[in-house]
Amino acid sequence: FVIGPGLGTTEATRELVCVALAGDRAVVLDADALSAFADGPEELLALTRGKKAVFTPHMGEFARLFPDIAETLSKTPTDGPAFSKVDAARKAATRAGCTVLIKGPDTVIGDQNGGASVVSAAYERSCPWLGTAGSGDVLAGFIGGLLARGYPPKSAAETGAWLHQECAREFGPGLIAEDLPETLPKVFRKQGA
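A brief report on the enclosed structure follows. (Residues numbered from 1 in each chain as written. Predicted model: local features only at pLDDT ≥ 70, side-chain atom pairs only at ≥ 80, totals over all residues. Heavy atoms only, no water.)

1. Quick notes on the layout of surface pockets
A water-sized probe rolled over the atoms picks out the places where empty space is left.
Stage number 1. By volume, the largest pocket amounts to about 430 Å³.
Stage number 2. At the level of elements, α7 (135-148) and α8 (153-171) are the ones that each hand at least two residues to the lining of the largest pocket.
Stage number 3. In terms of residue count, α7 provides more of the lining of the largest pocket than any other element does, four residues in total.
Stage number 4. Looking at the lining of the largest pocket, its residues break down into nine nonpolar, 11 polar and four charged. (1 Å grid on protein atoms, 1.4 Å probe; cavity = no way out; pocket = protein on both sides within 12 Å on 5 of 7 lines; lining within 4 Å. Points joined across faces, edges and corners; volume = space filled by probe spheres on them. Helix = DSSP H or I, 4+ residues; strand = E, 2+ residues; numbered from the N terminus. Nonpolar A, V, L, I, M, F, W, Y, C, P; charged D, E, K, R; others polar.)

2. Brief notes about the pattern of salt bridges
Stage number 1. Evaluation of the coordinates by the stated rule reveals 12 salt bridges.
Stage number 2. Residue E11 pairs with R14 through a salt bridge whose shortest N-O separation is 3.8 Å. Linking E11 with R14, this pair stays in helix α1 (residues 11-22), spanning three residues, or about one helical turn.
Stage number 3. Take R14: its relative accessible area is 12%, and that puts it in the buried class.
Stage number 4. One salt bridge in this structure joins E158 and K154, with 3.3 Å as the shortest N-O distance. (Salt bridge = Lys/Arg side-chain N within 4 Å of Asp/Glu carboxyl O. Buried < 20%, exposed > 50% of the residue type's maximum accessible area, 1.4 Å probe, protein only.)

3. As for the packing of helix α5 (residues 67-74) against helix α6 (residues 85-96)
Stage number 1. Running from N to C, α5 and α6 point in directions that differ by 170°, and their axes come no closer than 10 Å. With respect to α6, the axis of α5 lies roughly antiparallel. Contacts from D68, I69 and L73 of α5 reach α6 at K85, A88, K91, A92 and R95.
Stage number 2. When its residues are assigned to classes, the contact of α5 with α6 shows four nonpolar, no polar and four charged. (Axes fitted to C-alpha atoms, helices over the stretch in contact; angles between N-to-C directions. Parallel < 35°, antiparallel > 145°, perpendicular 65-115°, else oblique. Contact = heavy atoms within 4.5 Å.)

4. Comments concerning the nonpolar core
Stage number 1. Core analysis: the largest hydrophobic core is formed by 29 residues, its most contacted members being V17, L29, L44, F55, F62 and F66.
Stage number 2. Here this core takes five residues from α6, the largest share from any one element.
Stage number 3. Not counting residues up to four positions away in its chain, the partners in contact with L29 are I3, V17, L21, L34, L44, T48, V54, F55 and T56.
Stage number 4. Counting 27 residues, the second-largest nonpolar core is a separate cluster that includes L139, L147, A161 and L163. (Core = buried A, V, L, I, M, F, W, Y, C linked by side-chain atoms within 4.5 Å.)

5. Comments concerning the packing of aromatic side chains
Stage number 1. Under the definition given, this model contains one aromatic pair.
Stage number 2. A centroid spacing of 5.0 Å and a plane angle of 40° characterise the contact between F62 and F66, whose relative ring orientation is tilted.
Stage number 3. Taking the relative accessible area as the measure of exposure, F62 reaches 0% and is therefore buried.
Stage number 4. You can call F66 buried: its relative accessible area is 0%. (Phe/Tyr/Trp six-rings, centres within 6.5 Å; stacked < 30°, edge-to-face > 60°.)

6. Thoughts on the environment of P67
Stage number 1. As for its position among the elements, P67 is in helix α5.
Stage number 2. Overall, P67 belongs to the partly exposed group, its relative accessible area being 48%.
Stage number 3. For the pair P67 and P41, spaced 26 residues apart in the sequence, the C-alpha separation amounts to 9.7 Å.

7. Quick look at the sheet that holds strand β4 (residues 99-102)
Stage number 1. Taking strand neighbours across the sheet as the criterion, the six strands line up as β1-β2-β3-β4-β5-β6 in an open arrangement whose pairing is mixed. In this open sheet, the two strands that pair with only one neighbour each are β1 (2-3) and β6 (116-120).
Stage number 2. Strand direction decides the pairing type here: β1 and strand β2 (residues 27-29), joined by two bridges, are parallel. Counted as the bridge partner of I3 is L29 from β2.
Stage number 3. Running at roughly 145° to strand β3 (residues 53-55), helix α3 (residues 41-48) makes contact with β2 and β3 of the sheet. (Pairing = 2+ DSSP bridges.)

Structure follows, in structure tokens:
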């Protein structure tokens, strides 16, 4: 299941998330499915531990679920090693007991075992036009499709983020969210898939 885009932050959304997580299904939680638990993230985190779940928040949604981690991340370091987005993703994933992908030009994926990876859109891989309305919803869909094909959650998140970026790079400036899935076959052909 991919739950969240456009649902609203209602009790019905919370109930839908609870039902989806009750079984042994792979679930991607995005947008409103995450924000619906802003007043009680502990309830959501208790449901996701050990599940085949992937959270796909942007930094605002991340801060609603993990306010203490987001606060630590936003502090200017004065000594010692800085707390990074990688640290934040790892800590959040460990707490949630599932994969957490924090969106951005430096998309970071953390898993419940303390692993992390980065899909960077910097330098020659930069594609700022990917920051358009609805593109995160498409990313959630890509990850959901990969989970449906049997990918483990962290691999689905990593591969989905890479494909998402490749589609944006292939299409170029002027991209709208609807262009991403339409570009996916061309990206697959270029990869020999």
